[in-house]
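# Chain and residue survey
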Amino acid sequence: MDRQRPTRRAVLRTASAVALAAGMTGVATPAVAAGGQGRSLAAGRTYHVGAAFTLAVGNDGGLFMNYALDSPPGVNAYTPAVPIGAPGIAPPGAGVAGAIQSDAQVDAFLVDNDGRLWVTWWHFTTPGTAQRAALTPPGFAPPGAALVTGAQANDQRDVFVVGNDGILYVLWEANNSAWSQPIALTPARFAPPGAALATGRQANDQLDVFVVGNDGTLYVLWEANNSAWSQPIALTPARFAPPGAGVASVTQSTQQDFHQLDAFVVGNDGALYVTWEQNNSSWATPAKITSTGFATPGAPPSAVQYNNGYASVIVPRTDKSLCEFRVLEQFGAWTGPKTLSAPGTVPPTANSTIVHYTKEVNESRLDEGFYALINIAGTLITLLGNRNAGAQAALDAVQGLRPLTADYPGYRRQLAQWEASPTVAYLTAAGRWDEAAALADESIGLFRTLTKENPADDEVVYLLSWASIDIGSHLWGKTELQPKALDLCVKAIDNLRPLTTKAPSYRPQLADWIMTPTSDLLVASRDKQRAIALLQEAVDLYTQLNATDPSTYGPKLAAAKKKLAGLQA
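All values derive from a computational prediction rather than experimental measurement. Along each chain, residues carry numbers from 1 onward, in the same order as the chain's sequence is written. Local features in a predicted model are, by the rule used here, given only for residues with pLDDT of at least 70; side-chain atom pairs are given and counted only at 80 or more, and totals for whole chains, interfaces and linings are based on all residues. Side-chain metrics rest on all non-hydrogen atoms present in the structure, leaving aside hydrogens and water.

## Focus: unusual backbone geometry
Applied cut-off: In DSSP terms, a helix is any run of H or I states spanning at least four residues, a strand is any run of E spanning at least two, and both are numbered starting from the N terminus.
Here the bond from G336 into P337 is cis, since omega is 5°, no more than 30 degrees from zero. Mapping P337 onto the fold places it in strand β23 (residues 334–341). The linkage connecting S421 with the following residue, P422, adopts the cis geometry, with an omega of 15°. Position of P422 among the secondary structure elements: in helix α5 (residues 412–429). Of note in this structure, R189 is not a glycine but carries a positive phi near 60°. Along the chain, the position of R189 falls in the loop between β11 (183–184) and β12 (198–201). If you check the backbone angles, R526 has positive phi at about 65° while not being a glycine.

## A closer look at the environment of L117
Just so we agree on the cut-off: For each residue, the accessible area found with a 1.4 Å probe, counting protein chains only, is set against the maximum for its type, and the residue is called buried under 20%, exposed over 50%, and partly exposed in between. In what follows, a contact means two residues having at least one pair of non-hydrogen atoms within 4.5 Å.
Among the secondary structure elements, L117 is positioned in strand β6 (residues 117–123). A residue is classified by how much of its surface remains accessible, and L117, at 1% relative accessible area, is buried. A sequence separation of 16 residues divides L117 from A133, and the C-alpha atoms of the two residues are 8.7 Å apart. The contact partners of L117, leaving out residues within four places of it in the chain, are F109, L110, V111, A133, A134, L135, T136, L147, V159 and L171.

## A closer look at the sheet that holds strand β7 (residues 131–134)
Stated precisely, the cut-off is as follows: When DSSP finds two or more bridges between two strands, those strands count as paired. Fitted lines through C-alpha atoms serve as axes, helices being fitted only where they are in contact, and the angles separating the N-to-C directions of these axes extend from 0 to 180 degrees.
The strand order across the open sheet formed by four strands is β4-β5-β6-β7, and the pairing between neighbours is antiparallel. Strands at the two margins of the open sheet, each flanked by one partner only, are β4 (97–101) and β7. Between one strand and the next, the sheet's axes are offset by a mean angle of 25°, whatever the strand orientation. Both strand β5 (residues 105–111) and β6 contribute to a ladder of seven bridges, which runs antiparallel.

## A short note on the sheet that holds strand β8 (residues 148–151)
Pairing within the open sheet is antiparallel, and its four strands lie in the order β8-β9-β10-β11. Each edge of the open sheet is held by one strand with a lone partner, namely β8 and β11. For strand β9 (residues 156–162) and strand β10 (residues 168–174), the ladder comprises seven bridges, and the chain directions are antiparallel. Among the inter-strand pairings, V162 is bridged to a residue of β10, identified as L168.

## Side note on the pattern of salt bridges
Pairing of side chains with opposite charge becomes possible as their charged atoms draw close. Put simply, the rule is: For this document, the term salt bridge refers to a Lys or Arg side-chain nitrogen within 4 Å of an Asp or Glu carboxyl oxygen.
Under the counting rule described, the total for this entry stands at 18 salt bridges. In this structure, E435 engages R432 in a salt bridge whose closest nitrogen and oxygen atoms are separated by 2.8 Å. Look at R432 and you get buried, because its relative accessible area is 9%. A salt bridge links D527 to R530, with the nearest nitrogen and oxygen atoms 2.7 Å apart. For D527, a relative accessible area of 23% gives the class partly exposed. Three or more residues are tied together by salt bridges with common partners; here these are D112, D114 and R116.

## Re the nonpolar core
In plain terms, the rule: Working definition of a nonpolar core: buried Ala, Val, Leu, Ile, Met, Phe, Trp, Tyr and Cys residues. They are joined through side-chain atoms within 4.5 Å.
Counting 68 residues, the largest nonpolar core has F447, Y462, W466, I471, L475 and Y542 as its most contacted members. Those elements giving two or more residues to this core turn out to be α3 (387–401), α5, α6 (433–453), α7 (458–475), α8 (482–502), α9 (507–524), α10 (528–546) and α11 (550–568). Per-element tally for this core: the top contributor is α7, with ten residues. Contact partners of L475, with chain neighbours within four places excluded, come to V424, T428, W433, A436, A437, A440, L481, K484, A485 and L488.

## Focus: the packing of aromatic side chains
Spelled out, the test is: Paired rings are identified among Phe, Tyr and Trp, the last through its six-membered ring, by centres lying within 6.5 Å, and are further divided according to the angle between planes into stacked (under 30 degrees), edge-to-face (over 60) and tilted (the rest). In this scheme, the term charge over a ring applies when either NZ of a lysine or CZ of an arginine sits within 6 Å of the ring centre and within 35 degrees of the ring normal.
One pass over the structure, following the stated rule, counts twelve aromatic pairs. Seen from their ring centres, F140 and Y169 are 5.2 Å apart, and the 50° between their planes marks the pair as tilted. Residue F140 is found in the loop between β7 and β8, and its partner Y169 is found in strand β10; the two are separated by 29 residues along the sequence. Neither F140 nor Y169 differs from the other in exposure class; each is buried. Here Y462 and W513 contribute two aromatic rings whose centre-to-centre distance is 5.6 Å and whose plane-to-plane angle is 15°, an arrangement assigned as stacked. With a gap of 51 residues between them, Y462 in helix α7 and W513 in helix α9 connect regions that are remote in the sequence. Per residue, the accessibility class of Y462 equals that of W513, and both read buried. The structure contains a cluster of three or more aromatic residues connected by ring pairs, namely Y462, Y506 and W513. One cation-aromatic arrangement involves R132 over W118; the distance from NZ or CZ to the ring centre is 3.8 Å.

## Some remarks on the environment of A303
In this structure, A303 sits in strand β20 (residues 302–305). Looking at A303, the relative accessible area reads 15%, which means it is buried. Once the C-alpha coordinates of A303 and E324 are considered, the two residues, 21 residues apart in sequence, prove to be 9.1 Å apart.

## Digging into the confidence of the model for the chain
Close inspection of predicted coordinates is inappropriate in any region flagged by low pLDDT. The following threshold applies: pLDDT measures how confident the predictor is about each residue, on a scale from 0 to 100.
Predicted confidence across the chain gives a mean pLDDT of 81, with 79% of residues reaching 70 or more. Taken together, the stretch residues 1–44 has pLDDT below 50 and engages in 113 contacts with residues farther than four places along the chain or on a different chain.

## Describing the packing of α8 against α10
Stated formally: Take the far helix as the reference: if the near one is turned anticlockwise from it by less than a right angle, the crossing is left-handed, and if turned clockwise, right-handed.
Viewed as axis vectors pointing N to C, α8 and α10 meet at an angle of 35°, and their least axial separation amounts to 13 Å. In terms of crossing hand, the pair formed by α8 and α10 is left-handed. Residue-level inspection shows L486, V490, I493 and R497 of α8 in contact with α10, the latter providing R530, L534 and E537.

Pasting the structure below:
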């Protein structure tokens, strides 16, 4: 099926065009598009939405990931690490491979401490739901063996590994069926057990797999159109790199009139090299990307192509940091390094992999990648206790969604909701009060604009009160912001009250919000009389509700009367 190629402007909007670096301060308040301006979300145009997952096994032996939306060159797009499963599963720095299956499922592969090949999978927005299964018996490959995945012409996914017998094997599954048994592609003792591997796609339906054999030569094997696999073909002289050295591959360009496939290896001199072929022509002589001594000879690189015009290669440096190089299709020169993890955080021979998720969506689904960031923000806080990282991930999501509202005003409601919750809550939990207050103003301003544009929309009227209550509850934690917090809660009650006449189903919520937090904040602000007046209103509401549902509202009515009596005493 032919796919529409989006413009670079559309891709940059879809990819968020925003820095994800932790510690960013300040939240700009954008101009809000007026009703009727921009495109409708019902329009039929489609776009590519992309996200990347960097997977690795840390020093605790556990699988972890970093998540990123596509970003323009020069943007640090990675979130802090999120663990996937328990620690102690595999050796630190173990080989990892990843792939995207149908329905946005992320697959990650590793060989555990018993020599079994495992697959772990989860939906890309919910890494906390990961499951795993064994694909081979124990002792099949060295613990922590390097792995790689590849896609054939149909919906077949392949995973490759060099077993304990030195044979390069492939396992495959098609259309979400069961995985096959291992299939041998080379003779025994062809490469070191657990040797590093890479795959890449050429201009036709050809899949290539790369490995450095026992003679130190970089080899390629290939299959086209689901045919038989070729014999190994040499791409470098012998003794070019350590046997089993780390390798990576990326399709740098897939334009109709130009297609380039790159392969990477760190040679015996410690330099990162690239070799390439264009339009199914001969492979080029390897060229240096870095100086000699940059990385440990044979250190494993990983690479990925993004939707928005660049490719990346990642390699561990000798100072035990993880570094990235990027290339723009327009210019062709590799830039970097950009440090992804601080020195000392990974072994100098640590394996990594980048899984890039992309799908074609219509204009009503462009926020999908940002939704994943919102979920991961919660994971960072609840699972890791990293409040600042969680706050930043949520802030990244709203900053990424914000540019879309200029062309697609329908996203303003989603933006205002995410700003109110969870982003303001996460920012206040991290002590980033100024950013929280600024974002609160933007959220409430958006909701007020939406209520003016849509006065008959009961939901948006309710959401304005909901956002005001939620934001006010969190801003109350800083003394200087308490007047603002109280004002938001009181206005939330005033805003919702008329709606309860039109739609009585909102009466329970009005009574609940009077009880908590509004009356509590009024009492804390020494405004006892207003608190009494509101509590009497809550008693009246609960009395009406209790008449038809005493099991639900009887206890609430009793609590409201007790609270009111306490203030009147």
